[in-house]
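So the chains spell out like this:
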Amino acid sequence: MKPHPWQLQFGAGVPPFVARPSPSQGSPRERSAAPARWAGLGRGALALAAAAALSAGGGCIAEPVAPDVLSIEADPGLMPASGGPPDMEAIVLEHRLWETFHDACDAAVRSLYGAAFGGSCDIQQTHRRIIDPDYHIAEYTVAVKVGPGARDFIGLHRVVREASRYRPAQLSEAVMLVHGDAWPFRGAFLDAPDRKTFAEFLAREGIDVWGIDLRWTRVPAGTADTSFMSGWGMEKDADDLGMALSIARVNRDLTRAEGPLHSAGPKMKLLGWSRGGQLAYAYAGRESQVPILARRHVDGIIPVDIYLKTDLSTPEGLLRRDYACERLAVDLAQYNDASRSDRYYSSLGSVISALGGAALADPTGASPILAGMNNRQAALLAGQATYLLEDGRPPTPFYHLVGGTFDTSGLPVDLTYLADESRWFSVETLAAPYQPIKGLIDSERAMCGDPGPTIADHLGDITVPVLYVGAGGGFGQSGVYTTTLLGSTDRSSIVKSDPAAGGQPRDIGHNDIFLADDAQALFWNGIRDWILAR
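Residues numbered from 1 in each chain as written. Predicted model: local features only at pLDDT ≥ 70, side-chain atom pairs only at ≥ 80, totals over all residues. Heavy atoms only, no water.

Of regular secondary structure, the chain possesses 15 helices and 14 strands. Within the chain, the fraction of its 534 residues that count as buried is 56%. Sequence-distant contacts in the chain: of pairs separated by 6 or more residues, those separated by 24 or more amount to 73%. When the accessible area of the chain is evaluated, it comes to approximately 20,900 Å², of which 55% is carbon and sulfur surface. (Helix = DSSP H or I, 4+ residues; strand = E, 2+ residues; numbered from the N terminus. Buried < 20%, exposed > 50% of the residue type's maximum accessible area, 1.4 Å probe, protein only. Contact = heavy atoms within 4.5 Å. Areas by Shrake-Rupley, 256 points an atom, 1.4 Å probe, with all protein chains shown as cover.)

Now the structure itself:
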């Protein structure tokens, strides 16, 4: 039988596979709008592509580099001239800086687990790099051990203006940034130090920026036994986020240039993008149950392009709820299937990373993942038509990561909101190879309306100010509804749509919020103003 033109193909010895959505999947409007030649795409088919990308015999699919083995440049400030003595003053200042992280970590553990805790908090892989020398902005990065297992580490980042080398400026406002699916902190908010990025922008505007790498982003490709991920769900992520916030608050106080020291600095804003926005809701709801106000870390939340609940009084809200229930059933079947090697994880990030790497290395070469396309087209399609990866059950109609244009045959042509498409390809390569299925299950349960306990249980108890940010080609206006379920009286939103796009399929995308050439004017200035005003 002649293969379908969009059939997925893999390395030698791996059988081809085509996943076709059933006629019942997708609303009539969505099914009729999707070009027929896109029918071969879906999570089932890409799961095989992921298996190829993660295995040694994955053909020519590039394996992503594990986040914890990336080469990082040494701090040039500590490197003496040839034959010269080391900069002892800088060494002492650096030592003091990392000691503040250790001290803050110990204080965080005791605040979470009580004064009787006998152990100490473990900080590893400390590093400082200059992000913007003109504005004296540096990034401090540490790994924080949050459990007994070998993979129980989170990453913690601080992007901040320095008063002098290794001495953060004393800033009144701070924000913790939480990534969503696929990308860790740098891939989401600080993809390249030589580009205008969201984290650098906020730091330049006088905001102390912190960010977390959830523990699953640090698991390297090729990990043989992934059973440790079986319990890594949204509750575990919320635990880790609480630890990161606690460390950040204490560290901010320990690194103050002057003034008395306290147990923790001022509270922080919490910005969560995509599934990270759902985690922000979950964490803020959990914190609303803490009776001692001083032990609450967050005084405002910014969910970015996401919903946790849909408006069931509308046909669209009902449809999206039903799709969440269908995705939940698929994820539960995978999680409960003991015969599957990928029982506990989604490896979609490995496919995204491979697509980006191939586009950078050989843009005109034939795609090893999407037959009938070259590498550039395949990498663009993953961003411009992301809804095709959901097997006909996308979270919003025509959901996509980056807005772009298509030719008459449905092939991607270029990006609309990002002039340098190589930046998108580079961001794709930063996707993490694994993501726990349990976290997806926890999320889908809340969206589906599971009658049991979910991460949405305390939405009505959240009373801190909230700013929702949405993009027309992502979750857009649909994300506003969840904010109406909060107990907050201070609710506002920034939702941007491009009237020239001709509809949602080509509108501003989910990642365009942070990557678009005019993202600052569209989104960042409003976020900055909201943070500084509260």
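Here the narrative resumes, following the displayed structure.
Time to look at helix 9 (residues 348-361). The first and last C-alpha atoms of helix 9 sit 20 Å apart over 14 residues, in line with the 20 Å expected at 1.5 Å per residue. When you tally the buried positions in helix 9, you get 10 out of 14 residues, the bulk of the element. Of all the residues in helix 9, the buried ones are G349, S350, V351, I352, S353, A354, L355, G356, A358 and A359. (Expected span 1.5 Å × (residues − 1).)

What follows concerns the environment of A419. Relative to the helices and strands, A419 is located in the loop between strand 11 (412-415) and helix 11 (421-429). The class of A419 is exposed, set by a relative accessible area of 71%. Between the C-alpha atoms of A419 and A516, which are 97 residues apart in sequence, the distance is 8.3 Å.

As a further point, take the packing of aromatic side chains. Going through the model one piece at a time under the given rule, you end up with 18 aromatic pairs. A centroid spacing of 4.7 Å and a plane angle of 85° characterise the contact between Y345 and Y434, whose relative ring orientation is edge-to-face. You can see Y345 sitting in strand 9 (residues 345-346) and its partner Y434 sitting in the loop between helix 11 and strand 12 (435-436), a full 89 residues away along the chain. Each member of the pair Y345 and Y434 is classed as buried. One aromatic cluster in this structure is built from F185, F189, F198, F201, W273, F514 and W524. Between the NZ or CZ atom of R128 and the centre of the ring of Y166, over which it lies, the distance is 4.4 Å. (Phe/Tyr/Trp six-rings, centres within 6.5 Å; stacked < 30°, edge-to-face > 60°. Lys NZ or Arg CZ within 6 Å of the ring centre and 35° of its normal.)

Turning our attention to the state of the cysteines. One pass over the full model with this rule turns up 1 disulfide. At a sulfur-sulfur separation of 2.0 Å, the disulfide partner of C325 is C448. When the S-S torsion is 100°, as for the bridge of C325 with C448, the disulfide is right-handed. Taken as a pair, C325 in helix 8 (residues 315-335) and C448 in helix 12 (residues 437-448) lie far apart in primary sequence, 123 residues in all. (Disulfide = S-S within 2.5 Å.)

Before going further, it helps to spend a moment on the pairing of strand 5 (residues 174-178). In terms of burial, strand 5 is a largely internal element, 5 of the 5 residues being buried. The alternating pattern of strand 5 places A174, M176 and V178 on one face and V175 and L177 on the opposite face, and all of these are buried. Bridge count between strand 5 and strand 6 (residues 208-213): 5 bridges; the pairing is parallel. Residue A174 lies in a different strand from strand 6, and its bridge partner there is D208. The pairing of strand 5 with strand 7 (residues 268-273) spans 4 bridges and is classified as parallel. Residue pairing for strand 7: V175 is matched across the bridge by K269. (Pairing = 2+ DSSP bridges.)

On to the packing of helix 10 (residues 375-384) against helix 11, then. Orientation of helix 10 relative to helix 11, taken along the N-to-C sense of each, is 75°, at an axis distance of 10 Å. Here helix 11 runs roughly perpendicular to helix 10, going by the angle between their axes. Residues R376, A379, L380, A382 and G383 of helix 10 form the contact with helix 11, whose participating residues are E421, W424, F425 and E428. Each residue belonging to the contact of helix 10 with helix 11 can be placed in one class, and the counts come to 5 nonpolar, 1 polar and 3 charged. (Axes fitted to C-alpha atoms, helices over the stretch in contact; angles between N-to-C directions. Parallel < 35°, antiparallel > 145°, perpendicular 65-115°, else oblique. Nonpolar A, V, L, I, M, F, W, Y, C, P; charged D, E, K, R; others polar.)

Within the chain, residue pLDDT values average 85, and 80% of them lie at 70 or more. Note on residues 1-40: pLDDT under 50 across the span, and 84 contacts to partners over four residues away in sequence or across chains. (pLDDT = per-residue confidence, 0-100.)

On to the packing of helix 9 against helix 10, then. For the pair helix 9 and helix 10, the least separation of the axes is 8 Å and the interaxial angle reads 140°. As helix 9 packs across helix 10, the resulting crossing turns out to be left-handed. Residues L355, G356, A358 and A359 of helix 9 form the contact with helix 10, whose own contacting residues are N375, R376, A378, A379 and A382. Of the residues assigned to the contact of helix 9 with helix 10, the class counts are 6 nonpolar, 2 polar and 1 charged. (Left-handed = near helix turned anticlockwise from the far one by under 90°.)

Bringing helix 12 into the picture now. Across its 12 residues, helix 12 extends 16 Å between first and last C-alpha, which sits within 8% of the 16 Å expected from 1.5 Å per residue. Most of helix 12 is tucked away: 10 of the 12 residues are buried. The complete set of buried residues in helix 12 reads I437, G439, L440, I441, D442, S443, E444, A446, M447 and C448. Those residues of helix 12 that are buried lie in contact with helix 6 (234-254), helix 7 (275-287), helix 8, strand 9 and strand 12. Positive phi shows up at G449, right after helix 12, with a value of about 90°.

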